[in-house]
Amino acid sequence: MRFKSLSFQRRLQTSFNSKDKTYRYFSSNPAFALQQPRKASYNMKCCEDGNLTHYGNIQFSPFAAVLNYGQGIIEGLKVNRKEDGRLLLFRPDQHALRMKMGAQRMCMPSPSIHQFIHAVKQTALANIRWVPPPGKGSLYIRPLLIGSGPVLGQDKTPLSLYVEEEEVRAFSGGVGGVKSVSNYWPVLKALVRAKSLGFSDVLYLDSVNKKYLEEVSAANIITLKGNVISTPPTSGTILPGITRKSIIEIARGLGFQVEERSISVHELTEADEVFCTGTAVGVAAVGSVTYRGTRFEFKVGENTVCQALGSTLVGIQTGLIEDKKEWIFNIHQLFYHI
Ligand code: PLP
C-alpha cells in the first residue's frame, strides 16, 4: 500500500543468512516448513498483512527511495535452538524498538513492535530446518525496512531557504562530496521540518563551526555581491556539482570575479543575489534565506545575474548557444537501435 501523503511505499522484509556451515537439517514441525524445502522470507507492505514467500530477489522501481536516497533500515538478530527443540529469540522487542526509532529519524512508517516480532517468528518457523542444533550455531535473521516506492522530484523556484543548525548534511572525513545514496535520506527530517514551516528547502552549514554555508539538499549554493560571485569550495563535504562547475566557467567568461571560499552565513546580509545550481533545478534564484528567525531577501527575476547565467547554461545545453568548450556530446541516432 502506498502512503499517499509521502507517496512512498515501505516494505518490511525478513530474510536470513546463516554463516554456520555445520548445521543439520531438521524435519520441522510447522506445516509450511515441511512443505517448503526452500528458504523462506516474510514480506509486509505497510498497512497490509504480511505473508511468507520463497526466499529470492526483490524487484523495485528504479526510482525506489532506497535505491536513490538510501532510505532503508536494517536489523539483525539470531534464532537459537534449545535442547528440547524450541526456538529462542533474544530481545526481539528491543530490535523492533530500534527499528521504530530509526524509522522515525528516516521519516519512514515502521511496523509496530508486535508486527516486527510476529514477522521474525514467522521467518524463524518457516526456516526451522536451517536452525542449527543446540550449541552448533544459530540462524541469523535480517529484517529490512525498505523505502520501495518511487520518489524523485524537485521544487520550482524561487526558493525560500531555511538555515539548518541542528542537523548537518556532511562532515569532514565522511562522504558528503560523493553522490552517495547515503547522503539524502538522513537529512529528510530537516527538509520536512523546513517545509512544514513554509520554506522550500534547507541550507546546511558546516558541521564544525555551524557558521559556513555548505549546500542545499540537492543543489550547490552561490552568492553574488557586486561583480563577485562566491561559492563554498568542494573540499570533501560538498558535492562537486557539474552545474556549479559550469556556472563558474560561464561567469568567468562573462567577466565576473569568481571566488571559491568559505562563506559565513552572516555574509548573506550583504549579498545582492543568491542562487542554487543543480541538474534538476538548473540555476534557481533564492528569494530569501531565513537564519535564526531573520529573513534575508535577495533580488530575483528579470535582469538578474542568476537569470543571465541560467539562460546561457540552458542555451548551451539545448544547442541554441554555440558550445565553445566541448561540453556537448552528440548522440548519433543512426548508431543506436533499440
Ligand atoms: N549537491 C547535491 C547534494 C546534489 O544532490 C546535487 C545534484 O543532485 C548537486 C549538489 C548539484 O549537482 P549537479 O549540478 O551535478 O546536478
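Residues numbered from 1 in each chain as written. Predicted model: local features only at pLDDT ≥ 70, side-chain atom pairs only at ≥ 80, totals over all residues. Heavy atoms only, no water.

**Side note on the site of the ligand**
- The local shell around the ligand holds 15 residues, among which Lys-179, Tyr-184, Glu-215, Thr-243 and Thr-279 are the closest.
- Here Thr-279 contributes a side-chain N or O atom positioned 2.7 Å from an oxygen atom of the ligand.
- Contact with the protein chains removes 91% of the 390 Å² of surface that the ligand exposes when unbound.
- When residues of the shell around the ligand are traced back to their parent elements, those giving at least two are β12 (219-225), α6 (242-253) and β15 (273-278). (Near = heavy atom within 4 Å. Polar contact = N/O pair within 3.5 Å; in protein donor to acceptor, adjacent residues only side chain to side chain. Areas by Shrake-Rupley, 256 points an atom, 1.4 Å probe, with all protein chains shown as cover. Helix = DSSP H or I, 4+ residues; strand = E, 2+ residues; numbered from the N terminus.)

**Remarks on the pattern of salt bridges**
- A complete count under the given rule lists 14 salt bridges for this structure.
- Between Arg-193 and Glu-167 there is a salt bridge, with the nearest N and O atoms lying 3.9 Å from each other. With Arg-193 in helix α5 (residues 188-196) and Glu-167 in the loop between β9 (159-164) and α5, this residue pair connects regions lying 26 residues apart in the sequence.
- The partly exposed category is assigned to Arg-193, whose relative accessible area is 25%. (Salt bridge = Lys/Arg side-chain N within 4 Å of Asp/Glu carboxyl O. Buried < 20%, exposed > 50% of the residue type's maximum accessible area, 1.4 Å probe, protein only.)

**So, the UniProt feature "modified residue: N6-(pyridoxal phosphate)lysine" (unreviewed entry) in the protein chain**
- Using the residue numbers shown here, the UniProt feature "modified residue: N6-(pyridoxal phosphate)lysine" (unreviewed entry) corresponds to Lys-179.
- Under the relative-accessibility criterion, Lys-179 is labelled exposed at 65%.
- Excluding anything up to four places from it in sequence, Lys-179 contacts Tyr-184 and Leu-239. (UniProt positions renumbered as here; feature names shortened; annotations may be inferred. Contact = heavy atoms within 4.5 Å.)

**Let's talk about α5**
- Looking at α5, one finds that the buried residues are Leu-188, Ala-190, Leu-191 and Ala-194. Looking straight down α5, one finds that the buried residues subtend no more than 160 degrees of arc, so they occupy a single side.
- Turning to α5, the residues buried within the fold contact β9 and β10 (201-205).
- A positive backbone phi angle near 95 degrees is found at Gly-198, which sits one or two residues after α5. (Arc of directions from axis to C-beta.)

**Examining the packing of aromatic side chains**
- If you walk through the whole model with that rule in mind, you get 3 aromatic pairs.
- Between Tyr-69 and Trp-185, the ring centres sit 5.9 Å apart and the planes meet at 45 degrees, which makes this aromatic pair tilted. With Tyr-69 in helix α2 (residues 65-69) and Trp-185 in the loop between β9 and α5, this residue pair connects regions lying 116 residues apart in the sequence.
- Pairwise contacts between aromatic rings join Tyr-69, Tyr-184 and Trp-185 into one cluster.
- A cation sits over an aromatic face here: Arg-129 above Trp-130, 6.0 Å from the ring centre. (Phe/Tyr/Trp six-rings, centres within 6.5 Å; stacked < 30°, edge-to-face > 60°. Lys NZ or Arg CZ within 6 Å of the ring centre and 35° of its normal.)

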